[in-house]
Amino acid sequence: MKLFAGLNDIVKYKEPLSEHTWFKLGGPAKYFIEPRSMEELVDVVKRCHENSVRVYVLGKGSNILVADEGVDGAVIRLSQKAFCKITIDDNKVTVAAGVALSQLMRECARAGLSGLECMAGIPGCLGGALRINAGGRFGDIGSVTQSVKMMDTSGFELERHRSDLYFGYRETNISELFITEATLELVPEDPERIGRSIKEVWVIKKNSQPMYSRNAGCIFKNPRALSAGALIDKAGLKGTKVGGAMVSDRHANFIVAKGQTKAADVLKLIDQVRQAVQERFDVTLELEVEVWK
Ligand code: EPU
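All values derive from a computational prediction rather than experimental measurement.

Enquirer: What am I meant to see in the site of the ligand here?
Expert: Around the ligand lies a shell of 20 residues, among which Arg137, Tyr169, Cys218, Asn222 and Asp233 are the nearest. One of the backbone N or O atoms of Cys218 is found 2.7 Å from an oxygen atom in the ligand. Interatomic distance of 3.0 Å between a side-chain N/O atom of Ser227 and an oxygen atom of the ligand. Relative to its unbound accessible surface of 820 Å², the ligand loses 73% to contact with the protein. If one sorts the elements of the shell around the ligand by residue count, helix H5 (residues 228-234) sits on top with three residues. Considering only residue class, the shell around the ligand consists of six nonpolar, eight polar and six charged.

Rendered as structure tokens:
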């Protein structure tokens, strides 16, 4: 029997992942699956588990680099309606994993709920944001998160509350395969003031980052008390190129891709940057982007 028999409506084969990532790079996924309900998600996850198929969870593709060879497994994306709901109840907001951060921020602002302004200009969806505790200098998603629903590799669903969750700098203790939903607690505020804050954060980002290019956000995490961007910049690496991949001359912790760039070019450039910073400052840079091989 075929692995995904009966699921033709939601399974694609050899889907090019370049179409689903901000870098617009990388090879195909053996299986590309977009479940329409929790039941379908559980079904798919169980079939993968029972057949030892590796699962990759895709959000909006804004923090990943897919290898040119693609991935030999199932890429699952929670992009269908059932995984894109927002429910506002007083100052509690229940958000499904596939909701875009930008949409979430807009709807909360309209409802007069403050706490997400710090996410302005951050791409991605709620699930991906929680996975890496996305944020910036003004705050992160973890600090407003009250509870998270998740699912493990065998399709078992569970919920964890604030006291049992940890969010640090670009890390969390959520290690389950899927984040499916979260409840955020926000603070009532005048929508106009929220709108102004969003604009301020957005302008700062726009002025310091290459926002309209093919990239995956910051490539490296900031080492403790240091800035990866500043180190790469001081090492004189802005503008360094491998193929069509270049260290951004706007913000050195970004790599931008042009034309026929290969994922291998980006990977080579990452190695060069890491090596140069190691030699010059004796600092080991750790990847922030997720590399799918
Ligand atoms: N800097 C340079 N040269 C550069 C880039 C930065 O000298 O090319 C200096 C800046 O002048 C500043 C310092 O480095 O003094 C820090 O730079 P910035 O304020 O741009 O912040 P960052 O630490 O590089 C972090 C997040 C960003 C987030 C911004 C703004 C990390 C790795 N990056 O950047 O997040 O947007 O703060 O809040 O934590 C991401 O995670 O993908 C991301 C883009």
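Enquirer: In this structure, what is going on with the environment of Leu3? I would like to understand it.
Expert: Mapped onto the fold, Leu3 is located in the segment before strand S1 (11-16). Sequence-wise, Leu3 and Asn51 are 48 residues apart; in three dimensions their C-alpha atoms are separated by 7.9 Å. In contact with Leu3, not counting residues within four places along its chain, are Tyr31, Arg47, Asn51 and Val53.

Enquirer: Help me understand the environment of Tyr13, please; the structure alone is not making it clear to me.
Expert: With respect to the helices and strands, the residue Tyr13 is situated in strand S1. Given the relative accessible area of 40%, Tyr13 is considered partly exposed. Setting aside anything within four residues of it in sequence, one finds Tyr13 in contact with Lys2, Phe4, Ala29, Lys30 and Tyr31.

Enquirer: Quick question: what am I supposed to make of the layout of surface pockets here?
Expert: Sizing a probe to match a water molecule and rolling it over the atoms shows the empty space that remains. As a volume, the second largest pocket reaches approximately 250 Å³. In terms of lining, the second largest pocket is formed by 17 residues, of which the most central are Met38, Ala96, Lys149, Thr180 and Glu181. Contributions of two or more residues to the lining of the second largest pocket are made by strand S6 (86-89), strand S7 (92-96), strand S11 (145-151), strand S12 (157-161) and strand S15 (178-185). Considering only residue class, the lining of the second largest pocket consists of eight nonpolar, four polar and five charged.

Enquirer: Is there a simple way to think about the sheet that holds S15 in this case?
Expert: Each strand in a sheet pairs with its neighbour through backbone hydrogen bonds, running either in the same direction (parallel) or in the opposite one (antiparallel). Pairing in this open sheet of five strands is antiparallel, and the strands run S6-S7-S15-S11-S12 from one edge to the other. Every other strand in the sheet has two partners, leaving S6 and S12 as the edge strands with one partner each. Across the sheet, the axes of successive neighbouring strands diverge by a mean angle of 15 degrees, strand direction being ignored. Looking at chain direction, S11 and S12 are connected through five bridges and run antiparallel. Residue pairing in the sheet places Met150 in a bridge with Leu158 of S12.

Enquirer: Would you take a moment to explain the state of the cysteines for this structure?
Expert: A disulfide bridge is the covalent bond that connects two cysteines by way of their sulfur atoms. Per the stated rule, a full pass over the model turns up zero disulfides. The thiol of Cys108 is unpaired, and the distance to the nearest cysteine sulfur, on Cys118, comes to 11 Å. In this structure Cys108 comes out as buried when scored by relative accessible area, which is 0%.

Enquirer: What should I look at first to understand the side chain of Arg214 in this one?
Expert: With respect to the helices and strands, Arg214 occurs in the loop between helix H4 (191-208) and H5. Despite its burial, Arg214 remains without a salt bridge, the nearest opposite charge being carried by Asp265 at 8.7 Å. A distance of 3.2 Å separates the side chain of Arg214 from the backbone oxygen of Gly259, its partner in a polar contact. Leave out the neighbours within four places in its chain, and Arg214 touches Trp22, Phe23, Lys24, Leu25, Ile255, Val256, Ala257, Lys258, Gly259 and Thr261.

Enquirer: When you look at the pattern of salt bridges in this model, what are you seeing that I'm missing?
Expert: Where charged atoms from two side chains of opposite charge approach closely, those side chains can pair. For the structure shown, the criterion picks out 12 salt bridges. Notably, a salt bridge pairs Glu181 with Lys149, separated by 3.5 Å at the nearest N-O pair. With Glu181 in strand S15 and Lys149 in strand S11, this residue pair connects regions lying 32 residues apart in the sequence. Between Lys238 and Asp233 there is a salt bridge; the shortest N-O distance is 3.3 Å. Its relative accessible area of 35% is what places Asp233 among the partly exposed residues. Look at the salt bridges and you will find they share partners, linking Asp9, Arg36 and Glu40 into a network.

The rules behind these values
- In this numbering scheme, every chain counts its residues from 1 along its sequence in written order.
- In keeping with the predicted nature of the model, local features appear solely for residues at pLDDT of at least 70, side-chain atom pairs appear and are counted solely at 80 or more, and the whole-chain, interface and lining totals rest on all residues.
- For side-chain calculations, the full set of non-hydrogen atoms in the structure is used, while hydrogens and water are omitted.
- Neighbouring residues are identified by heavy atoms, a residue being near a molecule or strand if any of them is within 4 Å of it.
- We call two N or O atoms a polar contact when they sit within 3.5 Å, provided that within protein one can donate a hydrogen and the other can accept it, with sequence-adjacent residues counted only if both atoms are side-chain atoms.
- We get accessible surface area from the Shrake-Rupley algorithm with a probe of 1.4 Å; when it comes to residues, only the shown protein chains can shield them.
- Segments assigned H or I by DSSP are reported as helices when at least four residues long, segments assigned E as strands when at least two residues long, and all are numbered from the N terminus.
- Polarity classes work like this: nonpolar for Ala, Val, Leu, Ile, Met, Phe, Trp, Tyr, Cys and Pro, charged for Asp, Glu, Lys and Arg, and polar for all others, with Gly in that last group.
- The contact definition used throughout considers only heavy atoms, calling two residues in contact when any of these lie within 4.5 Å.
- The buried label goes to any residue with under 20% of its type's maximum accessible area, the exposed label to any with over 50%, and the partly exposed label to all in between, with areas taken from a 1.4 Å probe on protein chains only.
- Cavities and pockets are defined on a 1 Å grid built over the protein atoms alone: a cavity is a set of grid points where a 1.4 Å probe fits but cannot escape, while a pocket is an open set with protein on both sides within 12 Å along at least five of seven lines, and lining residues are those with an atom within 4 Å of any such point.
- Grid points are joined across faces, edges and corners, and a volume is the space filled by probe spheres set on the points.
- Two strands are counted as paired when DSSP detects at least two bridges linking them.
- Where helices are involved, their axes are fitted lines through C-alpha atoms of the stretch in contact, as for all axes, and angles between N-to-C directions lie from 0 to 180°.
- Cysteine sulfur pairs qualify as disulfides if the two atoms are within 2.5 Å.
- Under the convention used here, Asp and Glu are negative, Lys and Arg are positive, and both His and the chain ends fall outside the count.
- A side-chain nitrogen of Lys or Arg and a carboxyl oxygen of Asp or Glu constitute a salt bridge if their distance falls within 4 Å.

In short, the description is geometric, and any link to function would need to be established separately.
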